[in-house]
Amino acid sequence: MKEMLSLKTAERRVFQATLADGLWDVFLGSFVLIFAIAPLLSRSLGDFWSSIIFLPFWGLVYLLIRLAREKVVAPRLGTVHFGEHRRRRLQRFTIVMVIVNLVALVAGIVAFARFNRITESGTAPMPGGLSSLLGLFMLMGFSLAAYLLDFPRLYLYGMLLGAASVVGEWLYQNHGAAHHGYPVAFGAAAGLMILAGLVMFARFVMVHPAEEKGNLDG
């Protein structure tokens, strides 16, 4: 029993080491950009296409991250082989994140469409309504992902994005920020996530010289 617990602990540490390069932070920050840029495109492209247009962008970012892992991370960290327990958690995480992304995409489209209708009708939105709901969804989604992955930074990102939706609405209500403050609030949040990822990636490259490589079995 103790040996099994020790193996799970070692596997958890190895997995967290694979997250130290910051590349997932960059990818998540790129995903958040949809809430900052899509409102700016909704007038010319419509609510649906202003969100769908990000799919090839995310695909490009994913390919760049995969290339960075193969050409930069793998020669330094080595190849990681995880056990059945970790693979099951990763499968559950993948399913959860697909659902979270789909719901977030639909919620964003609905929110932008409703905001536009409210603006056109000249009726002020209910304070904290959709923005609070979106913020709560962000917090819950990222917290669940953090738990499934043993990825503590996701808790912080969940709180950051949850606050961004509320702050954006506050900027709109009190300072007249365009598009309910989403370009400002979510743009800042996405920028912080991407910057954090790039800093971690630069640190990873400096700490792990290219000649240090091998296999990590988790």
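Residues numbered from 1 in each chain as written. Predicted model: local features only at pLDDT ≥ 70, side-chain atom pairs only at ≥ 80, totals over all residues. Heavy atoms only, no water.

Moving on: the pattern of salt bridges. Going through the model one piece at a time under the given rule, you end up with three salt bridges. The salt bridge partner of arginine 69 is aspartate 21, with a shortest N-O separation of 2.9 Å. Here aspartate 21 lies in the loop between helix 1 (2-18) and helix 2 (23-45) and arginine 69 lies in helix 4 (residues 54-77), a separation of 48 residues in the sequence. Here arginine 66 and glutamate 70 are joined by a salt bridge, their closest N and O atoms 3.6 Å apart. With arginine 66 and glutamate 70 both in helix 4 and four residues apart, this pair spans about one turn of that helix. A relative accessible area of 46% means that glutamate 70 is categorised as partly exposed. (Salt bridge = Lys/Arg side-chain N within 4 Å of Asp/Glu carboxyl O. Helix = DSSP H or I, 4+ residues; strand = E, 2+ residues; numbered from the N terminus. Buried < 20%, exposed > 50% of the residue type's maximum accessible area, 1.4 Å probe, protein only.)

With that settled, the discussion passes to the packing of aromatic side chains. Taken as a whole and assessed by the stated rule, the structure comprises six aromatic pairs. The interplanar angle of 85 degrees and the centroid separation of 5.7 Å between the aromatic rings of tryptophan 24 and phenylalanine 27 together place this pair among those described as edge-to-face. Of this pair, tryptophan 24 and phenylalanine 27 both sit in helix 2, three residues apart, which is roughly one turn of that helix. Classification of phenylalanine 27 by relative accessible area gives buried; the value is 18%. Both rings, one in phenylalanine 31 and one in phenylalanine 35, keep their centres 6.4 Å apart while their planes meet at 80 degrees; by these two values the pair is edge-to-face. Linking phenylalanine 31 with phenylalanine 35, this pair stays in helix 2, spanning four residues, or about one helical turn. The pair formed by phenylalanine 31 and phenylalanine 35 is uniform in burial state, with each residue classed as buried. Through successive ring pairs, a cluster of aromatic residues spans Phe31, Phe35, Trp58, Tyr182 and Phe186. (Phe/Tyr/Trp six-rings, centres within 6.5 Å; stacked < 30°, edge-to-face > 60°.)

Among the surface-exposed residues, Leu136, Leu139, Met140, Leu144, Tyr147, Tyr155, Leu156 and Met159 lie close enough to one another that they form a single nonpolar patch of about 810 Å² accessible area. Of all the elements in the fold, those that place two or more residues in the nonpolar patch are helix 6 (129-149) and helix 7 (153-175). Here the nonpolar patch gets five residues from one element, more than from any other, and that element is helix 6. You can call leucine 144 partly exposed: its relative accessible area is 40%. (Patch = residues over 30% accessible without salt bridge, like charges linked within 9 Å, V, L, I, M, F, W, Y side chains within 5 Å. Areas by Shrake-Rupley, 256 points an atom, 1.4 Å probe, with all protein chains shown as cover.)

When pLDDT is averaged across the chain, the result is 75; 62% of the residues are at 70 or more. Predicted confidence in the chain is weakest over strand 2 (residues 215-217), with a mean pLDDT of 49, and strongest over helix 8 (residues 182-207), with 93. Low pLDDT, under 50, characterises residues 212-218; the stretch is placed with 20 contacts to residues that sit more than four places away or in other chains. (pLDDT = per-residue confidence, 0-100. Contact = heavy atoms within 4.5 Å.)

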